[in-house]
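# Topology and contacts: notes
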Amino acid sequence: MPHYAALMLIAGIGIPVLAALNAALGKIIGSPTTAGVVLFAVAFAASAALMLLVPGPQALTKLGGAPRHLFLAGLLVAFYVLSITHVAPHFGVGNAVFFVLLGQLISAAAIDHFGLFGAQVSPLGLTRAGGIALMAAGVWLTQQA
């Protein structure tokens, strides 16, 4: 399990870097939307290359049996990338990511508490709610500087 934590820590480190890089690209080329398209093209190429290795293209044959609502994840990724690419140059990468983090905490707690989308149920008890409130207070404190 420590390798999962390390992988997610690295992914978490990458989120503000992604925001800063794509915001800078959007600013340089004058179009946050075009910067988002470029990001998705690079991400698609990288994902397709990895798919050819593991688990392989045969997984594509199972797409027809997947519930359609699961494909909304792509829209959420697009919304995140396009919104942060547009907002970060005006609001600051730190501010944008801090509010994204707050949204993630709220959403993750609800998904885990109710076991939404097949997630493992992890009830929102007093300790967990207190931890989320403490993190939210930390987000608020960073906005006061």
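Computed from a prediction, not measured in an experiment: that's the story for all the values here.

### Some remarks on the packing of aromatic side chains
Enumeration according to the criterion identifies 1 aromatic pair in this entry. Arranged with centres 5.9 Å apart and planes meeting at 35 degrees, the rings of Phe91 and Phe99 form a pair that is tilted.

### Some points on unusual backbone geometry
Positive phi, normally seen in glycine, also occurs at Phe117, with a value near 60 degrees. Within the secondary structure layout, Phe117 lies in the loop between helix 4 (93-114) and helix 5 (126-144). Its relative accessible area of 66% is what places Phe117 among the exposed residues.

### A look at a nonpolar patch on the surface
A cluster of nonpolar residues, Leu9, Ile13, Val17 and Leu21, forms a patch on the protein surface that exposes about 410 Å² of accessible area. Mapped onto the elements of the fold, Val17 is located in helix 1 (residues 2-29). The class for Val17 is partly exposed, based on a relative accessible area of 43%.

### Regarding helix 4
In this model, helix 4 (22 residues) spans 31 Å end to end at C-alpha, consistent with the 32 Å of a helix rising 1.5 Å per residue. Among all positions of helix 4, only Ala96, Val97, Leu105 and Ala109 are buried. Against the buried residues of helix 4 lie helix 1, helix 3 (72-91) and helix 5.

### Description of helix 2 (residues 32-53)
With 22 residues, helix 2 extends 32 Å from end C-alpha to end C-alpha; this agrees with the ideal 32 Å at 1.5 Å per step. Every buried residue belonging to helix 2 is among Ala35, Gly36 and Leu39, and all of these are buried. For helix 2, the angular spread of the buried residues around the axis is 95 degrees, confining them to a single face. Exposed residues pointing more than 90 degrees away from the buried face of helix 2 are listed as Val37, Phe44 and Leu52. Close packing links the buried residues of helix 2 with helix 1 and helix 3.

### Observations concerning the packing of helix 1 against helix 4
Running from N to C, helix 1 and helix 4 point in directions that differ by 135 degrees, and their axes come no closer than 10 Å. If you check the angle between helix 1 and helix 4, you find them oblique. Crossing handedness for the pair helix 1 and helix 4: right-handed. Packed against helix 1, whose contacting residues are Ile15, Pro16, Ala19 and Ala20, the element helix 4 presents Val93, Val97 and Gln104 at the interface.

### A closer look at the UniProt feature "transmembrane region" (unreviewed entry) in the protein
UniProt tags residues 6-25, 37-54, 66-84, 96-119 and 125-142 as "transmembrane region" (unreviewed entry). Across residues 66-84 one finds 68% helix and 0% strand; the C-alpha atoms that close the span lie 29 Å apart.

### Looking at the side chain of Asn22
Along the chain, Asn22 turns up in helix 1. You can call Asn22 buried: its relative accessible area is 5%. Here the side chain of Asn22 touches Ala35 through a polar contact of 3.5 Å, landing on its backbone oxygen. Beyond its immediate sequence surroundings of up to four residues, Asn22 is in contact with Ala35, Gly36, Leu39, Val81 and Thr85.

Calculation notes
- Residues numbered from 1 in each chain as written.
- Predicted model: local features only at pLDDT ≥ 70, side-chain atom pairs only at ≥ 80, totals over all residues.
- Heavy atoms only, no water.
- Phe/Tyr/Trp six-rings, centres within 6.5 Å; stacked < 30°, edge-to-face > 60°.
- Helix = DSSP H or I, 4+ residues; strand = E, 2+ residues; numbered from the N terminus.
- Buried < 20%, exposed > 50% of the residue type's maximum accessible area, 1.4 Å probe, protein only.
- Patch = residues over 30% accessible without salt bridge, like charges linked within 9 Å, V, L, I, M, F, W, Y side chains within 5 Å.
- Areas by Shrake-Rupley, 256 points an atom, 1.4 Å probe, with all protein chains shown as cover.
- Salt bridge = Lys/Arg side-chain N within 4 Å of Asp/Glu carboxyl O.
- Expected span 1.5 Å × (residues − 1).
- Contact = heavy atoms within 4.5 Å.
- Arc of directions from axis to C-beta.
- Axes fitted to C-alpha atoms, helices over the stretch in contact; angles between N-to-C directions.
- Parallel < 35°, antiparallel > 145°, perpendicular 65-115°, else oblique.
- Left-handed = near helix turned anticlockwise from the far one by under 90°.
- UniProt positions renumbered as here; feature names shortened; annotations may be inferred.
- Polar contact = N/O pair within 3.5 Å; in protein donor to acceptor, adjacent residues only side chain to side chain.

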